[in-house]
Structures are given as C-alpha cells and as structure tokens.
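# Survey of secondary and tertiary structure
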Amino acid sequence: MISEFTARRIFGTIDAVGRQLVLRGRPRTTTVTVIGVARDTDVRQVLFDPRAFVYVPLSQHYDPYLAVAVRSAGGAAAAVRALRDALRRADQDLAVEVTDTGRAVLTGPYVFVRAAGVAAVALGALTLLLAMVGLYGIQSHLVSHRTKEIGVRMSFGASEAQIKRMVLTDGYQPVMEGLGFGLFIGVAGRAIVRAYAQLDVPIVDPWMLLVTPIPLLLAAFFACYLPAHRAAGVDPNVALRCE
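## A closer look at helix α5 (residues 147–155)
Every buried residue of α5 is listed here: T147, I150, G151 and M154. Buried residues of α5 fall within an arc of 100° about the axis and therefore sit on the same side. Phi for G157, located one or two positions after α5, is positive at around 105°.

## What to know about the side chain of K164
Note that K164 resides in helix α6 (residues 160–196). Despite its burial, K164 pairs with no opposite charge, the nearest such side chain being E160 at 4.4 Å. In contact with K164, other than residues within four places in its own chain, are Y225 and H229.

## Focus on the side chain of S3
Topologically, S3 is positioned in strand β1 (residues 2–3). A relative accessible area of 2% means that S3 is categorised as buried. Once you skip the residues sitting within four places of it in the chain, S3 turns out to touch V37, A38, D40, R51, A52, F53 and Y55.

## Observations regarding the nonpolar core
By size, the foremost hydrophobic cluster in this structure holds ten residues: V143, I150, M154, I163, M166, V167, L168, C224, A228 and A232. Of all the secondary-structure elements, those providing two or more residues to this core are α5, α6 and α8 (213–232). At four residues, the largest contribution of residues to this core is made by α6. Apart from the residues within four sequence positions on either side, A228 is in contact with V143 and V167.

Criteria and thresholds
Residues numbered from 1 in each chain as written. Predicted model: local features only at pLDDT ≥ 70, side-chain atom pairs only at ≥ 80, totals over all residues. Heavy atoms only, no water. Buried < 20%, exposed > 50% of the residue type's maximum accessible area, 1.4 Å probe, protein only. Helix = DSSP H or I, 4+ residues; strand = E, 2+ residues; numbered from the N terminus. Arc of directions from axis to C-beta. Lys, Arg positive; Asp, Glu negative; His and termini not counted. Salt bridge = Lys/Arg side-chain N within 4 Å of Asp/Glu carboxyl O. Contact = heavy atoms within 4.5 Å. Core = buried A, V, L, I, M, F, W, Y, C linked by side-chain atoms within 4.5 Å.

In structure tokens:
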C-alpha cells in the first residue's frame, strides 16, 4: 500500500491500484504491486508537507521497530488495555515502548497548535464581550437622545408599542448590516486559511453563523428596548421639555 502523496508523485493520480513500482532496499531491490492507497497523515511533526510512504508486509520487509495504530468503537482506555493484553499474549518478551491514545502520543507535537487555538478562542471571546458592551453603550446613548422625538410622536397619538417597534427597527438596522459584513469576512477568512494553510477547515461553520450573532443581537435588543421603554413611559409634555 502507498500513500496518496506517493501515488500522485509517482503515477500522477491516486488511482494506482494494480500498478507496479520498484522498491530499493538494503537487502535487495524488489518490484511490488500496489494493492491499495492510504490517506496522507501527519508523521512525527504537524502541519508539515506530506512525505512519500510505502506500507509493506512485515513478513517481507522485517523492521524491529513497528508502530501499530488501532481504531476502536469503544472507549480509548479500554482499547489501550486490549492492545496491551494482545501484545502480551503474542509475545511475553516483546518490548513495548509506548502504548497510549493518539491524543496523548501527539500531545508534544500538537502542544503549540493547541496553545495557539486556546489563545485565539480567548481573544475572540474578549473581542465579543467588548463588542457587546460597546454596542449597548452606543445604542443606549442614541436612543436616549431621541427622547424629544419620542415625545413628539406620542403627542401625535403614537402608542408605546409603536414607539418600541420603531426604536428596535432603527436600532437593529446597523447591527444587522454589521453582522452580515462580519460573517462575510469570517467565511472569506476561513476560505483563505483553507486554501493557503492547507488545513481541513470547513468554509461554512454552523456554529459561527448561528451562535456568534446571538449575544450581539441580545445586546442590541436590550440597548434599544430599555431606553425606549423608559422614554415611552414618560409623559409627552415632560419629554418635550427634556434637553
């Protein structure tokens, strides 16, 4: 079996089953037939360019150092115990260097990537909090300055429900425009990262599109509704005299 990178480099396509290639080894040079193509994977280090790999039967090309990767449908701890028991039953004198879950084995190589991800999430959460506070302050300030306008509208017969609906509509318009522009930038940024960093990142993330706008929309609602509720409850004569 060969990796997809090996198939593309040698044959120009991943459809390489049935083709032959020459393996130059220390004992001898042999001609082998490709029986399968495996997906590329990170080896030793993360986010590096793929390397050419050929997987051969252990009985034909013996190597005293062997890595066994097992995928289990159950828990990771149970799979590790089962693998250790299987190796012990196969050979009591077999030297096992590392037997652990993939996450634990790759903790070292992935530590910087995970730290960068945690830092990015923390900065994103802080930015979202600052955006909510700033949005509330700006919208509340704008609505408070419309007290005299609200008094005029109420003196001409506008109801409290109409005043609240008007303020919410006017307040939400710039918020929705900003959210639309921000989500567009987010999708475009993920597309750029996927194209140039060669990461398996989905371009459209449902969590980003659905969860992120909720706190901003709630902040805009309270920023518009609370001042509008206070202004709508004031006597129109008092509101008209407000400076």
